[in-house]
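Structural overview for review
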Amino acid sequence: MNINELYKNEFGVSKEAQDIIQKAEEKAEKYFKKVEETAEYNQLKVLRAFQKHRISYAHFGETSGYGYDDLGRDTLDEVFADIFHAESAMVRHNIISGTQAISLCLYGVLRPNDTLVSVVGKPYDTMEEVIGIRGEEGCGSLRDFGVNYDQVDLLPGGEVDYEGIKAKLRDKKVKAVLIQRSKGYDWRKSLDIETIGKIIETVKSIDKETICIVDNCYGEFVEKQEPTDVGADLAVGSLIKNAGGSLAQSGGYIAGKEKYVELVSYRFTAPGLGKHVGASLGFNKSLYQGLFMAPHIVCQSLKTAILCASAFEELGYDVCPASNEERTDIIQAIKLGDPEKVVKFCQGVQAGSPIDSHVTPEPWDMPGYEDKVVMAAGAFVQGASIELSADAPICEPYTVYMQGGIVYEAAKMGVMKAIDKVIGGENNAG
């Protein structure tokens, strides 16, 4: 049985979907080389940090209780800071999500009557209730603690409004700005490192003391630099996305200026305790190994995203970014224009996954989101969007967002299944 027969007989993939993928892969091949070169660069950067800090089996040891003098935990902070060219870092298995990690930063550095400004428009849905843009009073949002919020919207074409940022910072004393690297659920280009650097330079030209916080989720190891390389005071993300390399069971990180990381650590534990406590409970090995694997895994995810973009371009859909565009995160957006197609796409990705392939995703009222959301995530780690996943709010213009794929050859199946579901291919892709 050849591979085409295997796709058809064992997985129910139509000949039409196979033909589309073959054309898409041929077109995408030349763009794979760029992400492979970046992965090699980042892999060497990670390898050198491990060697420099003389990582050994002793660093994988388990601590309990207070976790005093946890060698593995403390050295992992140093390794992470080294890779990010940051003064300090805090990497913890019990930060549950990117949203919590960002929240730690905001609550750590902001005080009553301070002002926070999001300089690239409204932040991701799950941050709205944290800030107090949405949600009930009295829940403990920043607004409840007297923190003021403002934002500078992007220009109509999706470009950063640098003059608007300058005007906003001249108009009021701003304690911190929030820069979201990823597009979130918007139809625009995500921010590359060069653009993030220019935003930070613009902010600092008005007030050097304004703290620049970058939500780095989905962006780690996609480019050769990180936000801390271009002046970010804090860069923050989740370990069940890029930086955990699919092996971290949970967790998040904060990297940046030592004084700000220390403030965040006080919020995470307690003032005076900070980073010096917190048992690793045997999670150190998976965090180290996941970090080591991260550049390669990110490369697999990027190749999957490029393939998906190429395939849906073949089908005539608008995609963002295009298959030939340089990337700064692992997210691939496809404008399907139809709520039923959005759900079908996610069902196809689920059907092509190694875990829960028999499950059929449907839209639901997910905590933290304004609209119903449909999510496909056949992952070994629940909610790990470095593994092949897809999600979408059920609202116009009915765009689906796909990310992840730890093994390109397997993730390709998810893309083919999504194609069959959307076009109504043979057996509707089972």
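To start, this report covers the structure provided alongside it.

Thresholds applied
Residues numbered from 1 in each chain as written. Predicted model: local features only at pLDDT ≥ 70, side-chain atom pairs only at ≥ 80, totals over all residues. Heavy atoms only, no water. Pairing = 2+ DSSP bridges. Helix = DSSP H or I, 4+ residues; strand = E, 2+ residues; numbered from the N terminus. Right-handed = clockwise from strand over helix to strand, strands pointing away. Axes fitted to C-alpha atoms, helices over the stretch in contact; angles between N-to-C directions. Contact = heavy atoms within 4.5 Å. Buried < 20%, exposed > 50% of the residue type's maximum accessible area, 1.4 Å probe, protein only. Polar contact = N/O pair within 3.5 Å; in protein donor to acceptor, adjacent residues only side chain to side chain. Salt bridge = Lys/Arg side-chain N within 4 Å of Asp/Glu carboxyl O. Phe/Tyr/Trp six-rings, centres within 6.5 Å; stacked < 30°, edge-to-face > 60°. Lys NZ or Arg CZ within 6 Å of the ring centre and 35° of its normal. Disulfide = S-S within 2.5 Å. Patch = residues over 30% accessible without salt bridge, like charges linked within 9 Å, V, L, I, M, F, W, Y side chains within 5 Å. Areas by Shrake-Rupley, 256 points an atom, 1.4 Å probe, with all protein chains shown as cover.

Observations regarding the pairing of strand β3 (residues 148-151)
In this sheet, β3 lies alongside strand β2 (residues 115-118) in parallel orientation, the contact comprising four bridges. Each bridged residue has a counterpart across the sheet, and for Val117 the counterpart in β3 is Asp150. Assessed by its sense of winding, the connection that carries the chain from β2 through helix α5 (residues 125-131) to β3 is right-handed.

Topic: the sheet that holds β3
Through backbone hydrogen bonds, the strands of a sheet pair up, either in parallel or in antiparallel fashion. What the seven strands build is an open sheet, ordered β1-β7-β6-β5-β4-β2-β3; its pairing is mixed. Of all the strands in the sheet, the pair left with one neighbour each is β1 (88-92) and β3. Direction aside, neighbouring strands of the sheet carry axes that sit 20° apart on average. Packing of helix α8 (residues 258-268) onto the sheet brings it into contact with β1, β5 (211-215), β6 (234-238) and β7 (252-256), and relative to β1 it is tilted by some 30°.

Describing the side chain of Ser14
Mapping Ser14 onto the fold places it in the loop between α1 (3-11) and α2 (15-52). Its relative accessible area of 3% is what places Ser14 among the buried residues. At a separation of 2.5 Å, a polar atom in the side chain of Ser14 contacts the side chain of Asp420.

Thoughts on the pattern of salt bridges
Following the criterion strictly, the structure yields 23 salt bridges and no others. Lys172 is the partner of Asp150 in a salt bridge, and the nearest nitrogen-oxygen pair spans 2.9 Å. Residue Asp150 is located in strand β3, and its partner Lys172 is located in the loop between α6 (162-171) and β4 (176-180); the two are separated by 22 residues in the primary sequence. For Asp150, a relative accessible area of 18% puts it in the buried group.

Some words on the sheet that holds strand β8 (residues 318-320)
An order of β8-β9-β12-β11-β10 is seen for the five strands of this open sheet, with the pairing classed as antiparallel. For this open sheet the edge positions go to β8 and β10 (373-377), each flanked by a neighbour on one side alone. Strand-to-strand twist across the sheet, computed as the mean angle between neighbouring axes with direction ignored, equals 20°. The pairing of strand β11 (residues 389-393) with strand β12 (residues 399-403) spans three bridges and is antiparallel.

Describing the packing of aromatic side chains
The tally for this structure, following the rule as stated, stands at 14 aromatic pairs. Taking 5.4 Å as the distance between ring centres and 45° as the angle between the ring planes, the aromatic pair formed by Tyr66 and Tyr68 counts as tilted. Accessibility assignment for this pair places Tyr66 and Tyr68 in one class, exposed. Centroid distance Tyr185 to Tyr401: 5.1 Å. Interplanar angle 45°. Geometry classified as tilted. Taken together, the residues Tyr185 in the loop between β4 and α7 (193-206) and Tyr401 in strand β12 connect sequence positions 216 residues apart. Per residue, the accessibility class of Tyr185 equals that of Tyr401, and both read buried. Site record: aromatic cluster; members linked through ring pairs are Phe50, Tyr57, Phe60, Tyr288 and Phe292. Here the guanidinium or amino end of Lys335 rests over the ring plane of Trp187, the centre of that ring lying 4.4 Å away.

Observations concerning the state of the cysteines
Within this structure, the stated rule accounts for zero disulfides. We note that Cys212 lacks a disulfide partner, and the nearest cysteine sulfur, in Cys105, lies 13 Å from it. The structure places no disulfide on Cys217, whose sulfur is separated from the nearest cysteine sulfur, that of Cys105, by 10 Å. What makes Cys217 buried here is its relative accessible area of 6%.

Describing a nonpolar patch on the surface
A cluster of nonpolar side chains, contributed by Met1, Ile3, Leu6 and Phe11, occupies part of the molecular surface with about 410 Å² of accessible area. Among the residues examined, Met1 registers a relative accessible area of 65% and is labelled exposed.

Quick notes on the environment of Lys257
Locating Lys257 in the fold gives a position in the loop between β7 and α8. We classify Lys257 as partly exposed; its relative accessible area is 29%. For the pair formed by Lys257 and Asp233, sequence separation is 24 residues and the distance between their alpha carbons is 5.4 Å. The residues contacting Lys257, other than those within four sequence positions of it, are Glu87 and Asp233.

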